[in-house]
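Examining the three-dimensional arrangement
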Amino acid sequence: MRRFLLWLGGLIGILLGIAVIAVLALIYATMPGEGGSAKLPGLSAPVTVSFDRHGVPFIKAKTRADAAEALGYLHARSRLFQMDITRRAAEGRLAARFGKRALSFDEHMRTLDFVGAAKASEHLLSPEAHKILAAYARGVNARIAQCGRFCAWQYLIYGPPKPWHVLDSMLWGEMLANQLSGNAELELDRLRLSKTMSRAKIDSLWPHVSPPPPTLAMNAYPSDAATAAGKALAGFPRFPSPFRRTRTESNEFAVGAARSATGAPLLAGDPHLGFEFPSLWYLARIDTPQESLAGATAPGEPFLVFGHNRHIAWTFTNNGAAVQDIFVF
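A brief look at the structure comes next. Remember, it's a predicted structure, so these values are computed and weren't measured experimentally.

Re the overall build of the protein chain
Helix and strand counts for the protein chain come out as 11 helices and 8 strands. Counting across all 329 residues of the protein chain, residues that qualify as buried make up 37%. Partitioning the intrachain contacts of the protein chain with sequence separation of at least 6 by distance along the chain shows that 62% fall at a separation of at least 24. Carbon and sulfur atoms make up 62% of the accessible area of the protein chain, which amounts to about 19,700 Å² in all.

Details of the packing of helix H2 (residues 64-91) against helix H8 (residues 166-179)
Two elements in contact, H2 and H8, have axes separated by 9 Å at closest approach and are oriented at 70 degrees. With respect to each other, H2 and H8 are oriented roughly perpendicular. In this structure, H2 meets H8 at a crossing whose hand is left-handed. Residue-level inspection shows Thr86, Arg87, Ala89, Ala90 and Glu91 of H2 in contact with H8, the latter providing Asp168, Leu171, Trp172 and Met175. When the residues that make up the contact of H2 with H8 are grouped by side-chain class, the tally is 5 nonpolar, 1 polar and 3 charged.

Points about the nonpolar core
One finds Ile59, Leu71, Leu80, Tyr136 and Val140 to be the most contacted residues of the largest nonpolar core, which totals 28 residues. Elements with a minimum of two residues in this core: H2, helix H6 (127-147) and strand E5 (282-287).

Observations concerning unusual backbone geometry
Of note in this structure, aspartate 113 is not a glycine but carries a positive phi near 55 degrees. Following the sequence through the fold, aspartate 113 ends up in the loop between helix H4 (103-112) and helix H5 (114-123).

A few points about the packing of aromatic side chains
Centre-to-centre distance and the angle between the planes together describe a pair of aromatic rings. A complete count under the given rule lists 4 aromatic pairs for this structure. Pairing phenylalanine 81 with tyrosine 155 gives two aromatic rings, centres 5.5 Å apart and planes at 75 degrees, and the pair type is edge-to-face. With phenylalanine 81 in helix H2 and tyrosine 155 in helix H7 (residues 155-158), this residue pair connects regions lying 74 residues apart in the sequence. Judged by its relative accessible area of 14%, phenylalanine 81 falls in the buried class. Overall, tyrosine 155 belongs to the buried group, its relative accessible area being 0%. By the ring-pair criterion, three or more aromatic residues cluster together here, those being Phe81, Tyr155 and Tyr158.

Reading guide: rules and limits
- Residues numbered from 1 in each chain as written.
- Predicted model: local features only at pLDDT ≥ 70, side-chain atom pairs only at ≥ 80, totals over all residues.
- Heavy atoms only, no water.
- Helix = DSSP H or I, 4+ residues; strand = E, 2+ residues; numbered from the N terminus.
- Buried < 20%, exposed > 50% of the residue type's maximum accessible area, 1.4 Å probe, protein only.
- Contact = heavy atoms within 4.5 Å.
- Areas by Shrake-Rupley, 256 points an atom, 1.4 Å probe, with all protein chains shown as cover.
- Axes fitted to C-alpha atoms, helices over the stretch in contact; angles between N-to-C directions.
- Parallel < 35°, antiparallel > 145°, perpendicular 65-115°, else oblique.
- Left-handed = near helix turned anticlockwise from the far one by under 90°.
- Nonpolar A, V, L, I, M, F, W, Y, C, P; charged D, E, K, R; others polar.
- Core = buried A, V, L, I, M, F, W, Y, C linked by side-chain atoms within 4.5 Å.
- Phe/Tyr/Trp six-rings, centres within 6.5 Å; stacked < 30°, edge-to-face > 60°.

Listed below in structure tokens is the structure:
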């Protein structure tokens, strides 16, 4: 019996070892690897990509559309699941992946109807912008066609990714705009407090800054506003929900050439969008005969969010503007 138990234990150990090795092999198969080539369907000429010692890609292409297609392939090569989650979040479909804990977030996103907003924005695109976005989508889909559910280890669990469309890139912009906005909740919080506090007391809870914090343009809150605000706030996913982060800020500054040790102007921008893994940003350099671009791209977008070209550098910051309004009807 002892010999049998030893044999059985050894067999179980071997089977467990084989299972672990198989899992690791499957995960390894989803890694992008180094070097190689790929066929991209819409290129007008070959594109070359090299990586520096930090893994930053240097893309050399004949046209901006060719560069966008290559960038789409690279984004999908390294960040496809991240792109997929952003798309699902904007569409209000996270609960299909993460269960009931994401349901309130999905309900909120569907109420905001970012899909409808993105469709409306897509119709306003210039022909050139649509061409770039379509080329980017082709690059993403070329990677999906190449690797299927091996594009990321998560797809081994959830099944193969769905194709990428121009609309999906538009959704990224809607998500960023929402993340940089928040005065609707502030207005609702103030309205809810009006049930038990005077207007003067509510104003004292917020620091006196210039310009003042966004609020309703009225001298007194309507009597039924507190109840309506409480109902509206119930539809907002609240921190510390796993799908809701704390409020974010940002800053930027510039130094003129006369005040720089190098004799060249300096520009710094730090959008405090919270810690993420992987990062929201994907650094890249893009060279075409028409332009050179270097800086931060975002997986899901073919455009340089901030960085520099041959003539200027740019960044952006959250200015705290009141860009949301509350309607009771």
